[in-house]
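Descriptive structure summary
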Amino acid sequence: MISKLVQTEFMKLRRKGIWFLTFLGPFGVVALQMVNYGLRKDWFISQGTYEWFYYVRNVSAFTPFALILGIVILTSFMASIESETKAWKQVMALPVTKWSVYIAKYTTLVALLMIACLLLVIFTLCFGLYLGFDGNVPYLDIIKYSYYPFIAALPVLGLQLWLATVSQNQGLPITLGVLGVILSYMAYFLPDWMIWKWPSLDNAWDEPLVNVGLGLAVGLGIYLIGMIDFIRRDVK
Amino acid sequence: MEYVVETKKLTKKFGIEYAVADLDLKIPKGEIYGFLGPNGAGKTTTIRLLLGLMRQNTGTIKIFNKDLNSTRLEILKKVGSLVENPSYYGHLTARENLETLRKIHGAPKQRIDDVLDIVRLSDVGNKKVKGFSLGMKQRLGIAASLLNNPELLILDEPTNGLDPSGIIEIRNLIKRLPSEYGMTVLISSHLLSEIDQIATSVGVISKGKMIFQDSIEEMRMLSQQKISLKLDDNEKAWRFLSSKGVKVEPENDCLALVEQSDQEIAHVIRMLVENNFSIYRVEEEKRSLEDTFLQMTMEEKAV
Ligand SMILES: Nc1ncnc2c1ncn2[C@@H]1O[C@H](COP(=O)(O)OP(=O)(O)O)[C@@H](O)[C@H]1O
Ligand SMILES: [Mg+2]
């Protein structure tokens, strides 16, 4: 049943420019480095930082920002498709459980974001190869720096989907979302407990896996809370 | 009698306001049940409760003789519905819209062509719904409700916003459903004329309460004629007739006879003539169904 629901979610996203967005996010992140390395290649060389190691980290500087922005846009898109014409009532009058509808939306979002992360891996790799750094290609590093921020952003995903699905209009979730985007941009200055900091993989222990672990645990928690609240409410 | 829908003391509150109160709804199998009530009476709320879109505060709902809360999915497989304004995805075509629902129902693909044909939207099946008129959207909503070939079809004010020819078309379509497809239909409306022309059973709801529920014939019986008399001295005649044990009620400038058999009327008139009353008028007034409905809902308001 859930796989059928996910299929219908993708059908509903047709002509909404969702695939373009999925492409644009990772492309934008790498494109910024194209500008960066295009302008400052000599400076990197003079600093001795013209290496894969620094390149991967430079790319990942903008990943949290793009990720959170993408989450806000996608979740609001997905909820507004239903709430614009009050289609929730039509979906919920089908022989499906409320939780399966919520899971299907979440699964669809996770799938889109994972595709975006895969594209990020590919773009990072391609431009890195083009820059022609010395040494071996750090495949694992590239994959980590593409997927870790995503896992660390799961709490934000859970929160935005929850708000977007239970709000009458998208004003509140978008406002909070934009605030989150700004916060994620200032991650460095945020205290460690703020979920918007986590995708930056930065923390007091200098251990990205802490953010990943927290992201998974808290992300799952918010996901469940959101789902239970969604089930509990009357359908709009 | 076999009931497809049966609620007992169904109650739903919003805050402290009762939208539906102690409602006993009974829909006999194979009937077109007209659910009639003024705006805000609680029709949509009742329908949302029947579909499990809302949870009732108290009371039970049985559909196909099964409890809704414990067997919702099984029941909904055999229910089609259109609640309030039609829901649709404007950026998708009519066909794509139906496809998102067909997939979940697991109905054959052919069914999309069938239902588009039933509501006469085959020509615009590949057009985006955004550009549809309200009537076309409404028909698409009905098509969607028919996708799973339901045994129970629930339509909430399906002719709202349609032009007269659209209304007639939908009406004819709904009339066919019980005989041709064995469906039981619940159709709500705030217009009596609508229900009068289509329903075989009626439930009248006002302020969340069921104030009448029976066959349409029974409702028509309530709209009986009444006899009114106009005399030279109504007051005196009223006292005279009352003393003779005849039930009459004074109205504006005449007297209304409650008993209406031919013999009774002849008897009353004979008495009046024999006692030298001058009878100016003896009139038969037919109350329209509309009056009956109005009066029913008015009485409720007065309480
Ligand atoms: N979601 C809601 N929240 C609060 N009040 C509601 C809600 N839905 C309906 N009502 C109220 O319940 C009453 C019945 O409404 P409704 O069922 O829509 O009537 P009808 O469909 O017969 O016009 C109205 O007074 C309406 O204002
Ligand atoms: Mg209504």
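Analysis parameters
- Residues numbered from 1 in each chain as written.
- Chains lettered and ligands numbered in written order.
- Predicted model: local features only at pLDDT ≥ 70, side-chain atom pairs only at ≥ 80, totals over all residues.
- Heavy atoms only, no water.
- Helix = DSSP H or I, 4+ residues; strand = E, 2+ residues; numbered from the N terminus.
- Rg over C-alpha atoms; globule rule 2.2 N^0.38 Å.
- Buried < 20%, exposed > 50% of the residue type's maximum accessible area, 1.4 Å probe, protein only.
- Areas by Shrake-Rupley, 256 points an atom, 1.4 Å probe, with all protein chains shown as cover.
- Lys, Arg positive; Asp, Glu negative; His and termini not counted.
- Charge placed at Lys NZ, Arg CZ, Asp CG, Glu CD.
- Arc of directions from axis to C-beta.
- Expected span 1.5 Å × (residues − 1).
- Contact = heavy atoms within 4.5 Å.
- Domains from an automatic or database assignment.
- Pairing = 2+ DSSP bridges.
- Axes fitted to C-alpha atoms, helices over the stretch in contact; angles between N-to-C directions.
- Polar contact = N/O pair within 3.5 Å; in protein donor to acceptor, adjacent residues only side chain to side chain.
- Buried area = accessible area lost by both parts, 1.4 Å probe.
- Salt bridge = Lys/Arg side-chain N within 4 Å of Asp/Glu carboxyl O.

1. Describing the overall build of chain B
When helices and strands are tallied, chain B shows 11 helices and 15 strands. Against the 2.2 N^0.38 benchmark of 19 Å for 303 residues, chain B shows a C-alpha radius of gyration of 25 Å, more extended than a compact globule. Taking the principal axes of its C-alpha atoms as reference, chain B extends roughly 80 × 40 × 35 Å. Here chain B holds 303 residues, and the buried ones make up 51% of them. When the accessible surface of chain B is summed, it comes to about 14,500 Å², and 47% of that surface belongs to carbon and sulfur atoms. Taking the average place of the 42 positive charges on the side chains of chain B and the average place of its 43 negative ones, the gap between the two points comes to 8 Å.

2. Concerning helix α3 (residues 52-60) of chain A
Here α3 of chain A has its buried residues at Trp52, Tyr55, Val56, Val59 and Ser60 of chain A. Buried residues of α3 of chain A, seen end-on, are gathered within an arc of 130° and therefore sit on one face of the element.

3. As for helix α10 (residues 208-232) of chain A
Residues and elements named next belong to chain A. Relative to the 36 Å expected for 25 residues at 1.5 Å per residue, α10 spans 36 Å between its end C-alpha atoms, a close match to the ideal helical length. When α10 is considered as a whole, its buried residues turn out to be Pro208, Asn211, Val212, Gly215, Gly219, Ile222, Tyr223, Gly226, Met227, Asp229 and Phe230. In the core, the buried residues of α10 are packed alongside α5 (88-92), α6 (98-131), α7 (139-152) and α8 (154-166).

4. A look at the domain arrangement of chain B
Domain assignment breaks chain B into domain 1 (3-220) and domain 2 (224-286). Between the C-alpha centres of domain 1 of chain B and domain 2 of chain B the distance comes to 47 Å.

5. A closer look at the sheet that holds strand β10 (residues 201-206) of chain B
Residues and elements named next belong to chain B. One open sheet holds the six strands; their spatial order is β7-β8-β9-β4-β10-β11, and the pairing between them is mixed. Edge positions in the open sheet fall to β7 (79-82) and β11 (209-215), since each of these has one partner strand only. Each neighbouring strand pair of the sheet contributes to a mean axis angle of 15°, computed without reference to strand direction. Inspection of the sheet shows β10 paired to β11 by six bridges, in the antiparallel sense. What sits directly across from Ser206, in β11, is Lys209. Lying over the sheet, helix α1 (residues 43-50) contacts β4 (32-36), β8 (152-156), β9 (184-189) and β10, oriented at roughly 150° with respect to β9. Where helix α5 (residues 134-146) meets the sheet, it contacts β7 and β8, and its direction lies at approximately 165° from that of β7.

6. Notes on the side chain of Gln33 of chain A
Residue and element names in this part refer to chain A. Looking at the element boundaries, Gln33 is found in helix α2 (residues 18-47). Of note is the side chain of Gln33, whose polar atom sits 3.1 Å from the side chain of Asn36. Sequence-distant contacts of Gln33, defined by excluding residues within four places in its chain, comprise Gly38, Asn58, Val59, Phe62 and Phe127.

7. Details of unusual backbone geometry
Residue and element names in this part refer to chain B. With phi around 50°, Lys9 is a residue other than glycine that occupies positive phi space. When you line up the elements, Lys9 lands in strand β1 (residues 3-14). Of note, Lys207 is a non-glycine position whose phi angle comes to about 50°, a positive value. Tracing the sequence through the fold places Lys207 in the loop between β10 and β11. Here Lys207 falls in the exposed class, since its relative accessible area comes to 52%.

8. A word on the interface of chain B and chain A
A common way to report how large an interface is uses the accessible area buried once the components associate. At the junction of the two partners, chain B supplies 30 residues and chain A supplies 27 residues. Area buried by chain B at its contact with chain A is led by Tyr89, His91 and Ile104 of chain B, which between them contribute 26% of it. Remark: the boundary between chain B and chain A carries three salt bridges. In this structure, the salt-bridge partner of Asp234 of chain A is Lys12 of chain B, at a minimum N-O distance of 3.0 Å.

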